[in-house]
Amino acid sequence: MDWLSYISQINWLAVLLAFIASMAIGFVWYMPAVLGNRWMAAIGKTEEDLKNISGGAGIWVPMMVAAALTAILLAVLISKLGLDNALAGAWFALVLALVFRAGGHVIHNGFAGRPAAVTLIDSGHDLVAMTVAGAIIGAMS
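Residues numbered from 1 in each chain as written. Predicted model: local features only at pLDDT ≥ 70, side-chain atom pairs only at ≥ 80, totals over all residues. Heavy atoms only, no water.

Visitor: Talk me through the overall build of the protein; I want residue IDs and the actual numbers.
Guide: Helix and strand counts for the protein come out as six helices and zero strands. Helices (α) and strands (β) of the protein occur, in sequence order from the N terminus, as α-α-α-α-α-α. In terms of overall dimensions, the protein is globule-like: its C-alpha atoms have a radius of gyration of 16 Å, near the 14 Å expected for 141 residues. Principal-axis analysis of the C-alpha atoms gives the protein an extent of 45 × 30 × 30 Å. For the protein, the residues scored as buried account for 35% of the 141 residues in total. Considering only contacts in the protein between residues 6 or more positions apart, those separated by 24 or more positions represent 77%. Between the mean site of the 6 positive side-chain charges and the mean site of the 7 negative ones, the protein shows a separation of 4 Å. (Helix = DSSP H or I, 4+ residues; strand = E, 2+ residues; numbered from the N terminus. Rg over C-alpha atoms; globule rule 2.2 N^0.38 Å. Buried < 20%, exposed > 50% of the residue type's maximum accessible area, 1.4 Å probe, protein only. Contact = heavy atoms within 4.5 Å. Lys, Arg positive; Asp, Glu negative; His and termini not counted. Charge placed at Lys NZ, Arg CZ, Asp CG, Glu CD.)

Below, the structure is given as structure tokens:
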């Protein structure tokens, strides 16, 4: 597992900034005034429904761990590939997001019978968040 040796070369400030950017993008993306209302309508929920979901940290912690691990893996891969600028990092992350994240949404939402709007909104978020994260990490490599 040669690629794991690149963990020691990670710029942890870049990972932190990529994580924060991802969280901020998600916060804005799913605001009711941006795409939140469309997303809620597509999943058949209201803002009140979402406020009443129990779970608290059980919902937020796994999501934040996933975002952090995404930033760390991006940093490892960007380092391993020698991508050392924002454009290269962004392009690489965009391709990964398109294939793995958006592809996953297409597969899972398709089989679940969810509306295309859910797939488009969630995939769009992942494409933007990962591309920005990749740009940050690439720029700081």
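Visitor: Can you lay out helix α1 (residues 12-29) for me, pointing to particular residues and giving the numbers?
Guide: Over its 18 residues, α1 runs 25 Å from end to end, which matches the ideal 26 Å to within 8%, given 1.5 Å per residue. What α1 keeps buried is the set A14, V15, A18, F19, A21, S22, M23, I25, G26 and W29. Buried residues in α1 make contact with α2 (32-43), α4 (57-81) and α6 (116-139). Backbone nitrogen of L13 and a side-chain oxygen of the N-cap are separated by 3.0 Å at the start of α1; the cap is N11. (Expected span 1.5 Å × (residues − 1). Polar contact = N/O pair within 3.5 Å; in protein donor to acceptor, adjacent residues only side chain to side chain.)

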